[in-house]
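# Structural overview
Here is how the chains run, residue by residue.
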Amino acid sequence: MLLGPFEARDGEGRPIEISGARLCALMARLALEPGRVVPLDALTDAIWGEHPPAGAANALQSLVSRTRRLIGHAAIESHPAGYRLTVGPDDVDVSRFERLVSAGGLAALRQAEALWRGPALADLAGLPFADNAAVRLNELRLSAAEDRLELELGAGNDVLAELGPLAAAHPLRERLQGLLMRALYAAGRQADALDAYERTRHTLSEELGVDPSAELAELHMAILRHDPQHQDRRRAHRTNLRAQVTSFVGREQELAQLAKALETGRLVTVVGPGGAGKTRLAVEAAARSADLAPDGVWLAELASVTDPHDVANAVLTAIGARDGTWSEGDATGRLAEVFARQSALLVLDNCEHVVSAAAELAERLLGACPDLRILATSRESLAIGGESLHPIPPLEWPAGTARDVREYSAVRLFAERAASVRPDFIVDDTTAGAVVEICRRLDGMPLAIELAAARMRALSVEQIAAKLDDRFRLLSSGSRTALPRHRTLQAVVDWSWGLLSGEERELAMVLAAFAGGATLDALEAVSGRDPLDALTGLVDKSLVELSGERHRMQETVRSYGMARLAESGRDRAVRDGHARYFLRLAETADPELRGPDQLRWMARLRAEHDNIVAALRFAAETGDAELGVRVAVAVWWFWLMQGMRIESVHWTHAVLGLPAEVPDALRPVRLALHGLVHQQLGATETAREAVRAGLELRERLGHPAHVLLLLAPVLVGDQAAAARSAERLLPGLTGWERALTLMTQSMAAESEGDLTRAFTLIDESRQELEDLGDRWALSSALRVLAEHHDRRGDLSGSIEARSRALRLAGELGVVEDQAAILAKIAISYARSGEHDRARSYIDASWDCVERMRRREGVEYVRLAHAEVLLRSGVLEEARRELRAIEDPSCPSDVRAWAACYRAMAALLDGDPSSAGPLLDAAMELADLPIMAAAAHVRAAALADDEPARAAYVLGAATALLGAEDRSGFGNLLRPAERARAALGDAAFDSAYASGAALTRDAAMRAVRPA
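Residues numbered from 1 in each chain as written. Predicted model: local features only at pLDDT ≥ 70, side-chain atom pairs only at ≥ 80, totals over all residues. Heavy atoms only, no water.

All right, on to the overall build of the protein chain then. Counting secondary structure elements, the protein chain contains 49 helices and 13 strands. Counting only C-alpha atoms, the protein chain reaches 115 × 80 × 55 Å along its principal axes. Per-residue burial over the protein chain gives 51% buried out of 1010 residues. Considering only intrachain contacts with a sequence separation of at least 6, the fraction spanning at least 24 residues in the protein chain is 67%. Within the structure as shown, the protein chain displays about 43,900 Å² of accessible surface, and the carbon and sulfur contribution to it stands at 50%. Of the charged side chains in the protein chain, 116 are positive and 145 negative, and the gap between their average positions amounts to 3 Å. (Helix = DSSP H or I, 4+ residues; strand = E, 2+ residues; numbered from the N terminus. Buried < 20%, exposed > 50% of the residue type's maximum accessible area, 1.4 Å probe, protein only. Contact = heavy atoms within 4.5 Å. Areas by Shrake-Rupley, 256 points an atom, 1.4 Å probe, with all protein chains shown as cover. Lys, Arg positive; Asp, Glu negative; His and termini not counted. Charge placed at Lys NZ, Arg CZ, Asp CG, Glu CD.)

Where helix 6 (residues 128–154) contacts helix 7 (residues 160–169), the two axes come as close as 12 Å, and the packing angle between them is 145 degrees. As helix 6 packs across helix 7, the resulting crossing turns out to be left-handed. For the pair formed by helix 6 and helix 7, the contact residues are Leu142, Ala145, Arg148 and Leu149 on the first element and Glu162, Leu163 and Leu166 on the second. Grouping the constituent residues of the contact of helix 6 with helix 7 by class yields 5 nonpolar, no polar and 2 charged. (Axes fitted to C-alpha atoms, helices over the stretch in contact; angles between N-to-C directions. Left-handed = near helix turned anticlockwise from the far one by under 90°. Nonpolar A, V, L, I, M, F, W, Y, C, P; charged D, E, K, R; others polar.)

As paired elements, strand 4 (residues 76–79) and strand 5 (residues 82–85) share 4 bridges and run antiparallel to each other. The residue bridging isoleucine 76 from the neighbouring strand is leucine 85, located in strand 5. (Pairing = 2+ DSSP bridges.)

Phi angles above zero are rare outside glycine, and alanine 383 is one such case at about 60 degrees. With respect to the element layout, alanine 383 can be found in the loop between strand 9 (373–378) and strand 10 (387–391). Judged by its relative accessible area of 62%, alanine 383 falls in the exposed class. Within the chain, aspartate 443 stands out as a residue other than glycine whose phi angle is a positive 60 degrees.

Summed over the entire model, instances satisfying the criterion amount to 13 aromatic pairs. For the ring pair tryptophan 897 and phenylalanine 969, a centre distance of 5.6 Å and an interplane angle of 65 degrees mean the geometry is edge-to-face. Taken together, the residues span a long stretch of sequence, with tryptophan 897 in helix 43 (residues 892–908) and phenylalanine 969 in the loop between helix 46 (947–961) and helix 47 (975–983) at a distance of 72 residues. It is arginine 564 that lies over the ring of tyrosine 560; its NZ or CZ is 4.4 Å from the centre. (Phe/Tyr/Trp six-rings, centres within 6.5 Å; stacked < 30°, edge-to-face > 60°. Lys NZ or Arg CZ within 6 Å of the ring centre and 35° of its normal.)

Looking now at the environment of leucine 908. By the element assignment, leucine 908 lies in helix 43. For the pair leucine 908 and leucine 973, spaced 65 residues apart in sequence, the C-alpha separation works out to 7.6 Å. The contacts of leucine 908, once residues within four sequence positions are left out, are Leu870, Leu875, Leu972 and Leu973.

Strand order in this open sheet of 5 strands is 7-8-9-6-10, and the pairing throughout is parallel. What marks the edges here is a single partner per strand, and that holds for strand 7 (297–301) and strand 10. Averaged over all pairs of adjacent strands, the angle between strand axes in this sheet comes to 20 degrees, irrespective of strand direction. Of the pairings in the sheet, the one linking strand 7 to strand 8 (residues 345–349) comprises 5 bridges and is parallel in character.

Time to look at the nonpolar core. Note that soluble globular proteins tend to have their nonpolar side chains buried in a common cluster. One finds Phe414, Ile438 and Phe514 to be the most contacted residues of the largest nonpolar core, which totals 157 residues. Among the elements that take part in this core, helix 29 (residues 625–642) stands out by supplying 12 residues, more than any other. When sequence neighbours within four positions are dropped, the list of residues in contact with phenylalanine 514 reads Ala522, Leu523, Val526, Arg558, His578, Phe582 and Asn611. Residues Leu919, Ala934, Ala950 and Ala1006 belong to the second largest nonpolar core, which totals 55 residues. (Core = buried A, V, L, I, M, F, W, Y, C linked by side-chain atoms within 4.5 Å.)

The pairing of strand 3 (residues 37–39) with strand 5 spans 3 bridges and is antiparallel. Paired with valine 37 across the strands is arginine 84, a residue of strand 5. Between the end of strand 4 and the start of strand 5, which pair antiparallel, lie 2 residues.

If you want it as structure tokens, here you go:
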């Protein structure tokens, strides 16, 4: 908070102690632009002004690191151009103040003023950025105060006590002096108002040598003439709006938009689905816009009107002007007489079932009554000239951002309503997940959320979330005094459904089968008809939302539509047509994912992913093994590229478990899928057996090599099978399949210790992929190539290859890959001594981690961070990262690397006795590359006391890999240099050669513990 003494608070509102002027300056400068990247030079100027320290970039990095320790790493995001505070605009009082002032309106301006706790940025006075910002904010505060005081005067409020001191403090501000004159005159103090003008005229002449403005002079003349426009207009507003008994949650932006629309237009319609809160929003907006309607604000509730001819009579009754039964024309005429000379606001609520009659009435009244405004609510527009439409969005719920979940309006509404029936309920770490799930599943619909909260009388929040699959039975008891159609969720949707035509209902049932929404083409293909007219009707009636080119239903409406589809007896036919449409789409997309149109098809599959999953669900439910396997085969490559491990395992496992046979063409890939699923589940041997069986069956049947059969042996870690398969298949392959097989052969050659051949093969694979347009495969090849550059000691080549891979992963939008690549680049820079650049890449990697959908893979970022910290000499922070990945559930290679790094830290601390057991543990878990790395650490532990043994172990590490590892992993501990210095060149070379001459099995025995 900057509008007063500097203050920072956590997500629960607790103060965060930030000591030190520079840390406060950093936070304040970032907070002035929340959510935006602030350039490095701007931050440097803000903190040090014209006298930055030597190495300002490092000093700034250090300040950022210290601040992250206080407020959390994710709160400040690194960017190549600077840093960004990852908060929303309303999390900073300055931004919230500016938004409220921009919104205008009396309520918003009052809220804006309440945010000030003292002079802006006073704690940072003297810093140029703070002084400049304070001047701007104080001027904006004064202008906002003038806006608010003018609105208060218009509302007839007494503001003299506030205006007097303010006008005295700013004698040259003519607007303030004019407001003071108006307030004095409205209070019956004409002489004082005229005196105020004379003082202002004299001050302007003495101080500035100017006369009062024309506006101020005109006001002076109006007061002299006793103009009634400026007399006291305070009186009770005439209205039939009822006081509300529950709080109004959220919707600040919508209220501001409606206030502005009512100021500038005369017909405003709030449209949205049932239960969205249209009536409550309209009533709040009308109450806050009473200043626009000094002759009255009237609410006409049309929900109970069954005959369109009775609409005008219902409005007459609502405003208290009906003294009999009128014909439709007479009632409209009587309304026109009532409102003819009035500045009034009429709220026509719930127009959808009498929309034509409501539209005709509104058009006639607006034409006959020039000062009348109408605010309507409906599930579709009135569709007459001059109408300003305002669709009502759902309440906001959390969707993976860093904000506190309790700040979201949907969560706030649930929490308030739940606390009213269970006073001890709060949203905390134990309940937040279930509350967010409820708000998400209920689409942020206020009525549904309130009905769910009412169930807290008898159920826990977790039980409510778990029962939402049967939401219509769960949410079946609301307020006894509510309209019948608002008492249950079923009744809400029943009412909307009843307003549809027959064609609209038919299409709505088909659209309900689309779990991820539908494009117009998809809907036409599955429905078998031109859907345009019916679809337009569904959109107009707020049952369907248009997002880009995709038409979507809220989950509640979709559930209702699926139930109606089941009742019709056509659900299996519609779902089968839906599943086969998306099977064709997935099979068309699959080969395109490996070509130049890869990005377009990935975007298409991402958009249709929920529909593809629905096709798999249908296959599993109906036992259609062929359909299920075909969809899984077609979409598996997409899942692999996107890192969708959970989806691939769950749905593939479901369809592979079906007992039905599949055609011969699918049997080999079905076995390969079995293997891939078992590999993901940790059953490595079962996985390899299934993949081998699939390869053998493919050869017996003579089928062409499918992409899954090409890659499956590598993915399950069966290098021998991968090598055999690649050797047999390569002569008959071209294009992408050949490039992938070369990559497979490279990995097999590496596992056999033939690093020269492995490098040649991966470079050839990379060259062929360059022209094919497959970013994912090229990125993978570049990452493998970078590993070879590492081992050859070519760190610059490694960085270049990974930087290209990073750009490709960025184009693909695979955040997990970006995090891993950035972490590897950080290691390369750290090993070459460029610690600042290493830290910047680690920060960028952590930024990616914050955006990841899942936490799998974070361990590898922690390992990289640990090495960077070790090489920077920050041992305790490195150990903290390593302790975070000690969990037995972590992959074995992660635990092996972690043990190596902990052993390195022990040696750097001069504690070789602790290093030994750690290395022993690493050796038991490790594959060959990690075992070789651990051997270098063991050699470092031996270098001073047993240098000959150290040289021998280093040679054995080379025998393990088939070539000397020049990656620089061990250069931090310098085992070779220290052993050579102790032994001399000849003795070292002899011992090293003895180790290097060992067979791989002998080398493994040599480096492992006795």
